[in-house]
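# Inside the fold
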Amino acid sequence: MVTKTRPPGTSPRPHPVTPRRPGRSPLRSAQRRAGWILVLPAVLALALVTIVPIGYGFYLSLTSYNPVERGGPTFHGLNGYLAVLRSGEFWHAIWITVQYASGTLILAVPGALALALLVNGRFPGVALFRAVLYLPRVVPLVAVSMIWLWLYSHDGLFNYLLDLVGLPPVGFLTDEDTALLSLIAMRAWKALGGSMIIFLAGLQAVPASLLEAASVDGCGRWRTLRHVILPLLVPITTYVVVVDLIYLAQSFSEIYVLTSGGPLSSTTVLNMLIYNEAFEHYRLGNASAMAFLLFCLIFGLAYLSIRTMARGGRR
Amino acid sequence: MSALIARPAAGRRRALLAGVVTLLVAMPFVWMVSLAFKPKTEVFSYPPKLLPDQPTLDNFAYVWNSTNIPGAMANSLIVATLTVAGNCVAATAAGYALARIDFRGSRLLFTTVLGSAMVPAIVQLIPLFLIVKGFPLAGGNDLLGHGGNGLLDSYAGLVLPMLVQPLNIYLARQYFLDMPGELAEAGRLDGAGELRIFWQIYLPLARPIVATIAILSFTGAWEDFLWPLVAVSSPEMQTLPLALSSFAGSGVPQYGALMAGTFIAIVPVLVIFVAGQRHFVQGLGAGGVKG
């Protein structure tokens, strides 16, 4: 798309034209060329790692392909999708993913809001408290998982606490009934800080005049929170929920590290299933079809998030 | 909120409550540090003690001498540095062009960038794996990409998918969009070329967003797991999260050493976090599609 208006090597010399003149002035074409030069590296990289893979992946999703066997992908149209949609495994993984994402949100969003309310204001140590509360958000998920691996282990902190109150030990990550819940608790802890900061920004945007008006009108703290602050936080809460949902729907590393999807696939979220399908069973076609179905799910959520952000205005 | 916390006594009570809650939330980190400095015999002692009786560096020595974690740390640093460089240069430049230069196709390009920011990593994973494995003339491959392992097990292969991230282009664009256009006009009047206007006028003023992009790229690369898991097969090329996870998965976990390794993995992010706190928050507020 680089327009060739000038032989290479000559520098773009500014002409005595007004910059606002439209059309093919030398300035415009110099701009156009500079624009393309500046985006070119990014465009090439994105094409190679995003655009081409999406197209290629879509093609793969219409084929049956096992790279271990000889021969390339065999085209079989929508059969892969039909097979996936008919498999119990797939729907089980969707169900686990939904539980995992919504369970995490149910714990993390109110928790983050409570934390934000707690550290919104000026009192000794508040900056430090905010920073420490935010910390889990910055720490790599695999590192967090390692810490919780110990917390959940047989001799770990949680079993000790259970023992203190006279309860028998729990195999948090090894028991089918508790594994998913244990992962959810960890992930909610990890998610608290990030959402807290967003809520904090929202709280600080609440006009002081409204709060004063509420207190003049005799609203107590609780009623001010319930009827003044919370309604103002609706757009930001929607944003937090949708963005987290998109992210949580793609959970993988903590699950791979802590349970590998087990025991008895009780924590096999969709990403885990796709990984296994592709890199354990080498069914790349089916795995791609699943990935695109997840894509559809997430795209719906992303669409929602953009709508929400547009309505919420610029932050 | 000032109306709600005007009384100093209430402020003190709140500080106390906030302190207790913060301590509870930070508990896992406290235990990580505690275990990392405990001798082997104390790690499994019952009841678990918060403070080691005889603090030791044995766990760190073990991690340093007997695991691939130090090498993995070097790998992670290399990958993260390359990722930061790629994003600071290419994503910033692209963001600038999309914001300040009106060229044909720029709107379509921006839509594409936004769109690709929403594609979940798993969709690209399988094709990307095949592309990287079949990269022509690399890793024993012929011109058609057959015969070898391509860029698998190499820094290039590890970095490639993260080299330019759509989200960073988006952040840069939003930042440059808010800057005044008069600067460019003034530059043009003084005879500066378009690239010089970017390089010498706008870029120096955009340091905050470059810092934000650097931080986001670093932490993103530092914690990336799924792609390295697929792209690396030899222990020598493992990144830190991979090395930690394979160390945890090899036999009975040695929690002391594992926590020492985890501690090591957290320190760089911690340093960056303390140094660039406001950039963290800035980037977070502007776009959180990818965590």
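Nothing here was measured: the structure is a model prediction, and the numbers come from that model. (Residues numbered from 1 in each chain as written. Chains lettered and ligands numbered in written order. Predicted model: local features only at pLDDT ≥ 70, side-chain atom pairs only at ≥ 80, totals over all residues. Heavy atoms only, no water.)

Once that is clear, we can look at the overall build of chain A. The secondary structure content of chain A amounts to 13 helices and two strands. Once local pairs closer than 6 in sequence are excluded, the contacts in chain A between residues at least 24 apart make up 66%. Total accessible area computed for chain A in this model is approximately 15100 Å², and 65% of it derives from carbon and sulfur atoms. (Helix = DSSP H or I, 4+ residues; strand = E, 2+ residues; numbered from the N terminus. Contact = heavy atoms within 4.5 Å. Areas by Shrake-Rupley, 256 points an atom, 1.4 Å probe, with all protein chains shown as cover.)

Let's shift gears to the overall build of chain B. Across its full length, chain B holds 15 helices and zero strands. Rg of the C-alpha trace for chain B: 24 Å, well past the compact-globule value of 19 Å for 291 residues, more than 25% over. Once the C-alpha set of chain B is aligned to its principal axes, its extents read approximately 75 × 70 × 30 Å. Here chain B holds 291 residues, and the buried ones make up 57% of them. Sequence-distant contacts in chain B: of pairs separated by 6 or more residues, those separated by 24 or more amount to 64%. Counting every atom, chain B has about 12700 Å² of accessible surface; 67% of that belongs to carbon and sulfur. Across chain B, the 17 positively charged side chains and the 14 negatively charged ones have centroids separated by 12 Å. (Rg over C-alpha atoms; globule rule 2.2 N^0.38 Å. Buried < 20%, exposed > 50% of the residue type's maximum accessible area, 1.4 Å probe, protein only. Lys, Arg positive; Asp, Glu negative; His and termini not counted. Charge placed at Lys NZ, Arg CZ, Asp CG, Glu CD.)

Turning next to the domain arrangement of chain A. Residues and elements named next belong to chain A. Annotation of chain A at the domain level lists domain 1 (26-75) and domain 2 (83-312). Distance from the C-alpha centre of domain 1 to the C-alpha centre of domain 2: 32 Å. Each side of the interface is counted separately: domain 1 has ten residues, and domain 2 has eight residues. Between domain 1 and domain 2, a total of about 690 Å² is buried, with carbon and sulfur atoms accounting for 74% of that surface. Along the contact surface separating domain 1 from domain 2 lie zero salt bridges. Linking domain 1 with domain 2 are one residue pair in polar contact (both at pLDDT 80 or more). (Domains from an automatic or database assignment. Buried area = accessible area lost by both parts, 1.4 Å probe. Salt bridge = Lys/Arg side-chain N within 4 Å of Asp/Glu carboxyl O. Polar contact = N/O pair within 3.5 Å; in protein donor to acceptor, adjacent residues only side chain to side chain.)

This paragraph deals with the environment of A:His281. All names here are of chain A. Position of His-281 relative to the elements: it lies in the loop between helix H12 (270-279) and helix H13 (284-312). A relative accessible area of 43% means that His-281 is categorised as partly exposed. For the pair formed by His-281 and Gly-262, sequence separation is 19 residues and the distance between their alpha carbons is 17 Å.

Before going further, it helps to spend a moment on the nonpolar core. Grouped together as the largest cluster of nonpolar side chains are 192 residues, with contacts concentrated most on A:Ile274, B:Ile169, B:Phe176, B:Leu258 and B:Met259. Those residues within four positions of A:Ile274 in sequence are excluded, and the remaining contacts are A:Ala287, A:Met290, A:Ala291, A:Leu294, B:Ile122 and B:Ile126. (Core = buried A, V, L, I, M, F, W, Y, C linked by side-chain atoms within 4.5 Å.)

Its boundaries defined by the atoms lining it, the second largest pocket holds a volume of some 630 Å³. In terms of lining residues, the second largest pocket is bounded by 22 residues, among which A:Tyr65, A:Pro67, B:Leu130, B:Lys133 and B:His146 are the most central. For the lining of the second largest pocket, the secondary-structure elements that each account for two or more residues are H12 of chain A together with helix H6 (121-133) of chain B. By residue number, the principal contributor to the lining of the second largest pocket is H6(B), which donates three residues. Here the residues of the lining of the second largest pocket sort into twelve nonpolar, seven polar and three charged. (1 Å grid on protein atoms, 1.4 Å probe; cavity = no way out; pocket = protein on both sides within 12 Å on 5 of 7 lines; lining within 4 Å. Points joined across faces, edges and corners; volume = space filled by probe spheres on them. Nonpolar A, V, L, I, M, F, W, Y, C, P; charged D, E, K, R; others polar.)

All names here are of chain B. Under the domain assignment, chain B is made up of domain 1 (1-66) and domain 2 (67-286). For domain 1 versus domain 2, the distance between C-alpha centres works out to 32 Å. Across the contact, 15 residues belong to domain 1 and 16 residues belong to domain 2. Buried area between domain 1 and domain 2, summed over both chains or domains, comes out near 1300 Å², and the portion from carbon and sulfur atoms is 81%. At the boundary of domain 1 and domain 2, one finds zero salt bridges. At the boundary of domain 1 with domain 2, the tally comes to three residue pairs in polar contact (both at pLDDT 80 or more). For the side of domain 1 that touches domain 2, the elements supplying multiple residues, two or more each, are helix H1 (8-36), helix H2 (40-43) and helix H3 (58-66). At seven residues, H3 tops the list of elements feeding residues into the side of domain 1 that touches domain 2. Split into classes, the residues belonging to the side of domain 1 that touches domain 2 amount to eleven nonpolar, three polar and one charged.

Here the focus is the confidence of the model for chain A. Here chain A shows a mean pLDDT of 86. Residues at 70 or above account for 89%. For residues 1-11 of chain A, every residue scores under 50 in pLDDT, and the model assigns this stretch 13 contacts once sequence neighbours within four places are set aside. (pLDDT = per-residue confidence, 0-100.)

This part is about the packing of aromatic side chains. Tallying each qualifying case throughout the model produces 33 aromatic pairs over all chains. Relative to B:Phe29, the ring of A:Trp189 lies with its centre 5.4 Å away and its plane at 50°, an arrangement referred to as tilted. Residue A:Trp189 is located in helix H7 (residues 179-204), and its partner B:Phe29 is located in helix H1; the two belong to separate chains. Overall, the relative accessible area of 9% leaves B:Phe29 in the buried class. When the ring of A:Phe292 is compared with that of A:Phe295, the centres are 6.0 Å apart and the planes differ by 55°; the resulting orientation is tilted. Here A:Phe292 and its partner A:Phe295 are both found in helix H13, three residues apart, which amounts to about one turn of the helix. For the pair A:Phe292 and A:Phe295, one class covers both residues: buried. Put simply, the rings of A:Trp148, A:Tyr152, A:Phe158, A:Phe172, A:Trp189 and B:Phe29 touch in pairs and so form one group of aromatic residues. Its end group placed over the ring of B:Tyr62, B:Lys40 keeps NZ or CZ at 5.6 Å from the ring centre. Against the face of B:Phe110 rests B:Arg173, its NZ or CZ located 3.6 Å from the ring centre. (Phe/Tyr/Trp six-rings, centres within 6.5 Å; stacked < 30°, edge-to-face > 60°. Lys NZ or Arg CZ within 6 Å of the ring centre and 35° of its normal.)

On to the interface of chain B and chain A, then. Counting from both sides, the interface comprises 93 residues of chain B and, opposite them, 99 residues of chain A. Together, the buried faces of chain B and chain A total about 8900 Å²; carbon and sulfur atoms form 78% of this surface. Viewed at the interface, chain A and chain B are joined by zero salt bridges. On the surface where chain B and chain A come into contact, there are nine residue pairs in polar contact (both at pLDDT 80 or more). The element contributing the most residues to the side of chain B that touches chain A is H1(B), with 15 residues. Here the side of chain B that touches chain A is built from residues that sort into 69 nonpolar, 15 polar and nine charged.

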